[in-house]
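Chain residues, written in single-letter form:
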Amino acid sequence: IDSSKKIQFADIGCGFGGLLISLLTFFLETLMIGMELRDKVSEYVKEQISALRVANPGQYQNISVVISTHLLDEYAYTLRVGGIIYTITDVEELGGWMKSCLESHPMYEALTEEELEADPVVKLLSSATEEGQKVARNDGQTFQAIYRCIMPAI
């Protein structure tokens, strides 16, 4: 991996890493990071990534998982300008809170409806994430907030 590259995908609250693992097949050279609050869940994803690396030498070097309690400033620091944050939850109040936090932060802007429709990752949110799969099994509703990291105007 080129050391001058910056992270393009940040999966905040990556859970068991379903979305990240799915993204690996589409974006082999794209740097991505999963951020998770729960130690045991984070360790599980790290083990999954290690197993993929052992089974496929030289591959899957573009993904990492960290335990993070940092705020949106830290996420903006890790993402390149233009990098995207994808969030999904089945809890309406939490979805609204995540959206309002991103909306009010000067380093993020919401994707347009056209961008959301054209983005292949958006389609994966409901099928590749554990959250999305759980909601689909229960015929529930999800709440997404998808924002691009920008350079704020000075």
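Residues numbered from 1 in each chain as written. Predicted model: local features only at pLDDT ≥ 70, side-chain atom pairs only at ≥ 80, totals over all residues. Heavy atoms only, no water.

1. Focus on the packing of aromatic side chains
Part 1 of the reasoning: Per the stated rule, a full pass over the model turns up three aromatic pairs.
Part 2 of the reasoning: Ring centres of phenylalanine 9 and tyrosine 86 lie 6.3 Å apart, and the angle between their planes is 45 degrees; on these two criteria the pair is classed as tilted. Placement of phenylalanine 9 in strand β1 (residues 7-12) and of tyrosine 86 in strand β4 (residues 79-89) is noted, with a sequence separation of 77 residues between them. When sorted by exposure, phenylalanine 9 lands in the same class as tyrosine 86, which is buried.
Part 3 of the reasoning: Aromatic side chains phenylalanine 16 and tyrosine 44 sit 5.4 Å apart centroid to centroid with 80 degrees between the ring planes, which places their arrangement in the edge-to-face category. Note that phenylalanine 16 is positioned in the loop between β1 and α1 (18-26) and tyrosine 44 in helix α2 (residues 39-55), a separation of 28 residues in sequence. (Phe/Tyr/Trp six-rings, centres within 6.5 Å; stacked < 30°, edge-to-face > 60°. Helix = DSSP H or I, 4+ residues; strand = E, 2+ residues; numbered from the N terminus. Buried < 20%, exposed > 50% of the residue type's maximum accessible area, 1.4 Å probe, protein only.)

2. Describing the pairing of strand β6 (residues 143-149)
Part 1 of the reasoning: For β6, a buried count of six out of seven residues is recorded, marking the element as mostly surrounded by other parts of the structure.
Part 2 of the reasoning: As judged from the six bridges shared by β4 and β6, these two strands associate in the antiparallel manner. Across the sheet, isoleucine 85 pairs through a bridge with tyrosine 147, a residue of β6.
Part 3 of the reasoning: Both strand β5 (residues 108-110) and β6 contribute to a ladder of three bridges, which runs antiparallel. Note on β6: the bridge partner recorded for tyrosine 108 is cysteine 149. (Pairing = 2+ DSSP bridges.)

3. What to know about the environment of proline 106
Part 1 of the reasoning: Note that proline 106 resides in the loop between α4 (92-104) and β5.
Part 2 of the reasoning: As a C-alpha pair, proline 106 and alanine 136 span 30 residues in sequence and 33 Å in three-dimensional space.
Part 3 of the reasoning: Other than its neighbours up to four places away in sequence, proline 106 contacts Ile150 and Pro152. (Contact = heavy atoms within 4.5 Å.)

4. A closer look at the pattern of salt bridges
Part 1 of the reasoning: The tally for this structure, following the rule as stated, stands at three salt bridges.
Part 2 of the reasoning: Between glutamate 109 and arginine 148 there is a salt bridge, with its nearest N and O atoms 2.7 Å apart. With glutamate 109 in strand β5 and arginine 148 in strand β6, this residue pair connects regions lying 39 residues apart in the sequence.
Part 3 of the reasoning: On the basis of relative accessibility, which here comes to 17%, the residue arginine 148 falls in the buried class.
Part 4 of the reasoning: Between arginine 148 and glutamate 115 there is a salt bridge, and its shortest N-O distance comes to 2.3 Å. Note that arginine 148 is positioned in strand β6 and glutamate 115 in helix α5 (residues 113-118), a separation of 33 residues in sequence.
Part 5 of the reasoning: A single salt-bridge network, built from bridges that share partners, covers Glu109, Glu115 and Arg148. (Salt bridge = Lys/Arg side-chain N within 4 Å of Asp/Glu carboxyl O.)

5. A look at the pairing of strand β2 (residues 32-36)
Part 1 of the reasoning: Of all five residues in β2, five are buried, a share of seventy percent or more.
Part 2 of the reasoning: Side chains of β2 alternate between two faces, with Met32, Gly34 and Glu36 and Ile33 and Met35 buried alike.
Part 3 of the reasoning: Judged from the four bridges that link them, β1 and β2 form a sheet pairing that is parallel. Among the inter-strand pairings, alanine 10 is bridged to a residue of β2, identified as isoleucine 33.
Part 4 of the reasoning: Following the chain from β1 across α1 to the adjacent parallel β2, one finds a crossover that is right-handed. (Right-handed = clockwise from strand over helix to strand, strands pointing away.)

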